[in-house]
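# A closer look at the structure
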Amino acid sequence: MLVDVDLLTFYGGITETFSHSEVIFEEGDAPRFYYQIINGSVKLNHVDDDAKELIQSILYKGQSVCELLLFIDEKYPVNAVAISQECTIIKVPKSRFLMLLEEHQQPAIDVRRFIAERLYQKFVMMQNNSSKHSQVRIKSILTYFKSFSEDQSPYSYEVELTRQQLAAITGLRIETVIRSVKKMEKEKILKIENRKIYF
DNA sequence: TCATTAATTTGGC
DNA sequence: GCCAAATTAATGA
């Protein structure tokens, strides 16, 4: 957990449960809470004029959601949507959370580090994601998600993202994802077993 | 279990 | 890359 749950509770944290595809906050909303995922996963996305979805990031248990908006005065640039069946989130009012950070050194350090970490990942992904080679884009995303996994040996990571989600993250078409992934299997970059991708 | 819906895959342009 | 159609998996009554 990024910040201790008891501490969050002490500062007014309330848990809330969302089911699959329920919206936690929407693009354009004014940020009013710090959100931390107790259980489940959340996607941050944007839907463009053509109704095409771009997934900005996917967040898991223990991570906070768009915490950077608490430090500036802007509206949310993305939607936050639960993508696990059960998604439990603790939320703390903005002002109280800022108070928490002032009164506690360690969480302040951890949150700062988390933001830096994610900004760094964003740089890396942006560069790879602008590659004209679809395989580079996909591999970069897989590497990123695998980085959360303990086991770093080849084919050990079972990709839980659907091909649609991969397409929405990389900005590629679904068909392109499917065809590239198959090529990558031939090139022994990954393995496919009954539709599941192992990287 | 059957019907419906969503996701995946293939092929043509 | 785009679209349509076929196939398969997941979901719910």
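The residue numbering used here restarts from 1 in each chain and proceeds along that chain's sequence as written. Chain letters start at A and ligand numbers start at 1, both assigned in the order the entries are written. The model is predicted, so local features are restricted to residues of pLDDT at least 70 and side-chain atom pairs to those at 80 or more, both for listing and for counting; the totals for chains, interfaces and linings are taken over all residues. Processing note: side-chain calculations cover all non-hydrogen atoms of the structure and skip hydrogens and water entirely.

Now for the packing of helix α3 (residues 105-129) against helix α4 (residues 134-146). Across the interface, α3 lies against α4 with an axial gap of 8 Å and an inter-helix angle of 160°. Taken as axis vectors, α3 and α4 run roughly antiparallel relative to one another. Here the hand of the crossing between α3 and α4 comes out right-handed. In this structure, α3 uses Arg118, Gln121, Met125, Asn128 and Asn129 to contact α4, whose residues at the interface are Val136, Arg137, Ser140, Ile141 and Tyr144. Residues are sorted three ways: Asp, Glu, Lys and Arg are charged, Ala, Val, Leu, Ile, Met, Phe, Trp, Tyr, Cys and Pro are nonpolar, and all the rest, Gly among them, are polar. The residue inventory of the contact of α3 with α4, partitioned by class, reads four nonpolar, four polar and two charged. Only C-alpha atoms enter the line fits that serve as axes; for helices the fit covers just the stretch in contact. Angles between N-to-C directions range over 0 to 180 degrees. Helix numbering and strand numbering both begin at the N terminus, where a helix is a DSSP run of H or I of at least 4 residues and a strand a DSSP run of E of at least 2. Just so you know how the angles are binned, under 35 degrees is roughly parallel, over 145 roughly antiparallel, 65 to 115 roughly perpendicular, and the rest oblique. Take the far helix as your reference; a near helix turned counterclockwise from it by less than a right angle gives a left-handed crossing, and one turned clockwise gives a right-handed crossing. In this description, contact between two residues means that some pair of their heavy atoms is separated by no more than 4.5 Å.

The subject of this paragraph is the protein's contact with DNA strand C. One heavy atom suffices: a residue is near a molecule or strand as soon as one of its heavy atoms comes within 4 Å of it. Taken together, Arg173, Glu175, Thr176, Arg179 and Arg195 form the complete shell of residues around DNA strand C. Polar contact is defined as a pair of N or O atoms within 3.5 Å, subject to the rule that within protein one atom must be able to donate a hydrogen and the other to accept it, and that residues adjacent in sequence are counted only when both atoms are side-chain atoms. Residue Glu175 places a side-chain N or O atom 2.6 Å away from a base nitrogen belonging to DNA strand C. Here a sugar or linking oxygen of DNA strand C and a side-chain polar atom of Arg195 are 3.5 Å apart.

Neighbouring DNA strand B are Thr162, Arg163, Gln164, Ile174, Glu175, Ile178, Arg179, Lys182 and Arg195. Taken together, the sugar and phosphate atoms account for 61% of what DNA strand B places within 4 Å of the protein. Arg179 is positioned such that a nitrogen or oxygen atom in its side chain is 2.4 Å from a base nitrogen of DNA strand B. One of the side-chain N or O atoms of Arg195 is found 3.4 Å from a sugar or linking oxygen in DNA strand B. Of all the elements in the fold, those that place two or more residues in the surface near DNA strand B are α5 (163-170) and α6 (174-186). The dominant element in the surface near DNA strand B, judged by the number of residues it contributes, is α6, at five residues. Class assignment of the residues belonging to the surface near DNA strand B gives a composition of two nonpolar, two polar and five charged.

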